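Structural overview for review
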Amino acid sequence: DPDKKTEVVLLACGSFNPITNMHLRLFELAKDYFHETGKYKVIKGIISPVGDAYKKKGLISANHRVTMAKLATKSSDWVEVDDWESCQSEWLETLKVLRYHHQKLSSPDPTNSLQNAIPLTKPGRKRKQEPNRHDPIKKKNQSPDIKSVPQVKLLCGSDMLESFGIPNLWKLEDITEIVANHGLVCISRAGNSVQKFIYESDILWRHKNNIHLVEEWITNDISSTKIRRALRRGQSIRYLVPDAVQAYIEKHNLYSPESEDRNAGVVLAPLQKHASDSKN
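In what follows, the accompanying structure is described. (Residues numbered from 1 in each chain as written. Predicted model: local features only at pLDDT ≥ 70, side-chain atom pairs only at ≥ 80, totals over all residues. Heavy atoms only, no water.)

1. Quick notes on the packing of aromatic side chains
Under the criterion given, the structure shown has seven aromatic pairs. Relative to Trp-78, the ring of Phe-27 lies with its centre 6.0 Å away and its plane at 75°, an arrangement referred to as edge-to-face. Separated by 51 residues along the polypeptide, Phe-27 in helix 1 (residues 21-37) and Trp-78 in the loop between helix 2 (62-73) and strand 3 (79-81) bring together distant segments of the chain. Under the relative-accessibility criterion, Trp-78 is labelled buried at 8%. Note that Lys-208 overlies the ring of Trp-205, its terminal NZ or CZ placed 4.0 Å from the centroid. (Phe/Tyr/Trp six-rings, centres within 6.5 Å; stacked < 30°, edge-to-face > 60°. Helix = DSSP H or I, 4+ residues; strand = E, 2+ residues; numbered from the N terminus. Buried < 20%, exposed > 50% of the residue type's maximum accessible area, 1.4 Å probe, protein only. Lys NZ or Arg CZ within 6 Å of the ring centre and 35° of its normal.)

Rendered as structure tokens:
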């Protein structure tokens, strides 16, 4: 049936420090966009908070960030929180998190998905591990049920897309594999700075059909950084984060001048890793 819709899972990676109403809106905007194309069906949204080993300045413990994200999505019937990434002892590249979730969806037995994900780090296994490479040329001679493995697409704001341009933050081959094999959904402010950014990058331009730009007309400029600043100053954050998140922050007195100084002067995990890789 050529009219069968491609199933999509939206994965958002990030600090969620704390999660805000803006983060939740990204999922709604992306879902509307995909359904309006008539070609896709969004079956799930996944929030994957980064682990503590990321070492970002002001990053509070993953335990709190995951709990807040769970409180924030409690009322959603399709967005959920996954703590696999945040439970890892070391920082994981976003690509590995995408692969893990792709693997988990393609594995018929969810109980052993963790063991299944391990071979992904071994070189040379990539093709075998990813039966659904979303390669339109091969689609025709493959069994028609290839569509039954949902596509896991990385959901991001324009700031994340533009961070691809920061030296050593991302590996070039990771960016390539993300856009070539999975796809990006980028929520951008009405305006074309993101289009310009894609145009200026050869890798992104080559795979631009796999980058979905969703224009946000009802702009929402709430950032976690601004939320933390308000909290440090004793100002209200009500209506910027879900009520349950606000209550949790107050109860545990989570954000303070002290928490903002966590990891101060520490180099971000990816910068450490990629800088040392390029030396070797």
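2. Some thoughts on the side chain of Asn-263
Mapped onto the elements, Asn-263 comes out in the loop between helix 14 (257-260) and helix 15 (269-279). What Asn-263 contacts, discounting residues up to four positions off in sequence, is Lys-55, Lys-56, Lys-57 and Leu-59. (Contact = heavy atoms within 4.5 Å.)

3. A word on a negative patch on the surface
Together, Glu-28, Asp-32, Glu-36 and Asp-77 give the surface a local cluster of negative charge. Position of Asp-77 among the secondary structure elements: in the loop between helix 2 and strand 3. (Patch = residues over 30% accessible without salt bridge, like charges linked within 9 Å, V, L, I, M, F, W, Y side chains within 5 Å. Areas by Shrake-Rupley, 256 points an atom, 1.4 Å probe, with all protein chains shown as cover. Salt bridge = Lys/Arg side-chain N within 4 Å of Asp/Glu carboxyl O. Lys, Arg positive; Asp, Glu negative; His and termini not counted. Charge placed at Lys NZ, Arg CZ, Asp CG, Glu CD.)

4. Things to note about the sheet that holds strand 2 (residues 40-49)
Strands sit in the order 3-2-1-4-5-6 across an open sheet of six strands; the sheet is parallel. Strands with a single pairing partner mark the edges of an open sheet, and in this sheet they are strand 3 and strand 6 (211-216). In this sheet, neighbouring strand axes are inclined to one another by 25° on average, regardless of whether the strands run parallel or antiparallel. Sheet topology note: the strand 5 (residues 184-189)/strand 6 ladder contains six bridges and is parallel. From the neighbouring strand, Ile-187 faces strand 6, where its bridge partner is Val-214. Relative to the sheet, helix 4 (residues 94-106) contacts strand 1 (6-14), strand 2 and strand 4 (151-157), its axis offset from that of strand 4 by approximately 145°. Sheet contacts for helix 9 (residues 172-182): strand 4, strand 5 and strand 6; angle to strand 4, the most-contacted strand, approximately 125°. (Pairing = 2+ DSSP bridges. Axes fitted to C-alpha atoms, helices over the stretch in contact; angles between N-to-C directions.)

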